[in-house]
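Given next are the chains, with one letter for each unit.
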Amino acid sequence: LLAAGAAGAVGLERDRLFRARVETQVGERRTLSLPDGSSMDLNTDTEVLWRFDERLRLVWLRRGEAALLVARDLARPFILNTAAGVTKLSAGQFNIRLRPSGVSLIVLAGAAVAETAMGRAEAKVAQTADARQVLDITPRGVSVAPAKEEEVELVQAWRRGEIIFEGQ
């Protein structure tokens, strides 16, 4: 009976390790280290969940904004889920933001392939000299375009704890 209880406790602890949920309150930011060596910076008012196992690395963004630094793992794909669709990320650096009109994913380095009921698109930044890409997922479909420099600057600013005012 004691051995069964210990085995159950170990199983629960393992399950807790692989099924985590973190949220930030309004005005709070947080940096997380993930079990695979990846990391996430969570912006204010953000909620994420993740589960990593032997086959997959799954992350769900329920609300808010997160900057991801995805570690290379050839055996397990990194899958990012939102209400708008599923995006597979390669090793690299990304920023994802949920908006009322959908999802905006900026690819700073690496590649992202988004699949939704409305379509599929890939954004890729292979070299540091390449233009950064923004992958937009809306109810009308999925599109890729070069990221505007001011969008990239806004991402970099919140990660440094700065606020940029425009037209204020």
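Only a predicted model underlies this, so the values are computations on that prediction, with no experimental measurement involved.

Conventions we followed
Residue numbers restart at each chain and count upward from 1, following the sequence in its written direction. Thresholds applied to this predicted model are a pLDDT of at least 70 for local features of residues and 80 or more for the giving and counting of side-chain atom pairs; totals over whole chains, interfaces and linings are not thresholded and use all residues. No hydrogens and no water enter the side-chain calculation; it runs on all heavy atoms of the structure. A run of H or I in DSSP becomes a helix once it reaches four residues, and a run of E becomes a strand once it reaches two; helices and strands are each numbered from the N terminus. Two residues form a contact once any of their heavy atoms are found within 4.5 Å. To estimate the expected span of a helix, count its residues, drop one, and scale the result by 1.5 Å. Any two rings among Phe, Tyr and Trp, with Trp reduced to its six-membered ring, count as a pair given centres within 6.5 Å; such a pair is stacked if its planes are under 30 degrees apart, edge-to-face if over 60, and tilted if neither. The buried label applies to any residue whose accessible area, calculated with a 1.4 Å probe on protein chains only, is under 20% of its type's maximum; exposed applies above 50%, and partly exposed to all values in between. The pairing criterion is simple: DSSP has to find at least two bridges between the two strands. Only four residue types enter the charge count: Lys and Arg as positive, Asp and Glu as negative, with His and the chain ends excluded. Salt bridges, as used here, are contacts in which a Lys or Arg side-chain nitrogen is within 4 Å of a carboxyl oxygen on Asp or Glu. Polar contact is the term for a pair of N or O atoms within 3.5 Å; when the atoms are in protein, one must be able to donate a hydrogen and the other to accept it, and sequence-neighboring residues count only if both atoms are side-chain atoms.

### Some words on the overall build of the protein
Piece 1. Secondary structure summary: the protein contains two helices and 13 strands in total.
Piece 2. Of the contacts formed within the protein by residues at least 6 apart in sequence, a portion of 35% connects residues at least 24 apart.

### Brief notes about helix α2 (residues 149-160)
Piece 1. Its 12 residues give α2 an end-to-end C-alpha distance of 17 Å, which sits within 8% of 16 Å, the value for a rise of 1.5 Å per residue.
Piece 2. Buried-residue contacts for α2 involve β3 (39-42), β6 (65-70), β9 (92-99) and β10 (102-116).
Piece 3. Positive backbone phi, at 80 degrees, marks Gly161, one or two positions downstream of α2.

### Quick notes on the packing of aromatic side chains
The description of an aromatic ring pair uses the distance of the two centres, along with the angle that the planes make with each other.
Piece 1. In total, this model carries one aromatic pair according to the counting rule given.
Piece 2. A centroid spacing of 6.3 Å and a plane angle of 80 degrees characterise the contact between Phe52 and Phe78, whose relative ring orientation is edge-to-face. Taken together, the residues Phe52 in strand β4 (residues 47-52) and Phe78 in strand β7 (residues 78-82) connect sequence positions 26 residues apart.
Piece 3. A residue is classified by how much of its surface remains accessible, and Phe52, at 1% relative accessible area, is buried.

### Section: the pairing of strand β1 (residues 20-23)
Piece 1. Side-chain alternation along β1 places Ala20 and Val22 on a buried face and Arg21 and Glu23 on a face that remains uncovered.
Piece 2. Where β1 and β4 come together, four bridges link them in antiparallel fashion. Bridged to Val22 within β4 is Val48.

### Quick notes on unusual backbone geometry
Most peptide bonds adopt trans geometry, and most residues besides glycine take a negative phi value.
Piece 1. A positive phi angle is found at Asp45, which is not glycine, with a value near 55 degrees.
Piece 2. By the secondary structure assignment, Asp45 is in the loop between β3 and β4.
Piece 3. Classification of Asp45 as partly exposed rests on a relative accessible area of 34%.

### Some points on the side chain of Asp53
Piece 1. Summarising the element assignment, Asp53 is placed in the loop between β4 and β5 (57-63).
Piece 2. Buried charge without a salt bridge: Asp53, with Arg51 as the nearest opposite-charge side chain at an N-O distance of 4.2 Å.
Piece 3. Within the local environment of Asp53, its side chain forms a polar contact with the backbone nitrogen of Arg55, the two atoms lying 2.8 Å apart.

### Notes on the pattern of salt bridges
Piece 1. Summed over the entire model, instances satisfying the criterion amount to 13 salt bridges.
Piece 2. The partner of Asp36 in a salt bridge is Arg57, with the nearest N and O atoms 2.4 Å apart. Placement of Asp36 in the loop between β2 (30-33) and β3 and of Arg57 in strand β5 is noted, with a sequence separation of 21 residues between them. Residues Asp36 and Arg57 agree in their burial class; the two are buried.
Piece 3. Here Glu153 and Arg160 are joined by a salt bridge, their closest N and O atoms 2.9 Å apart.

By themselves, these are just geometric observations and shouldn't be taken as functional.
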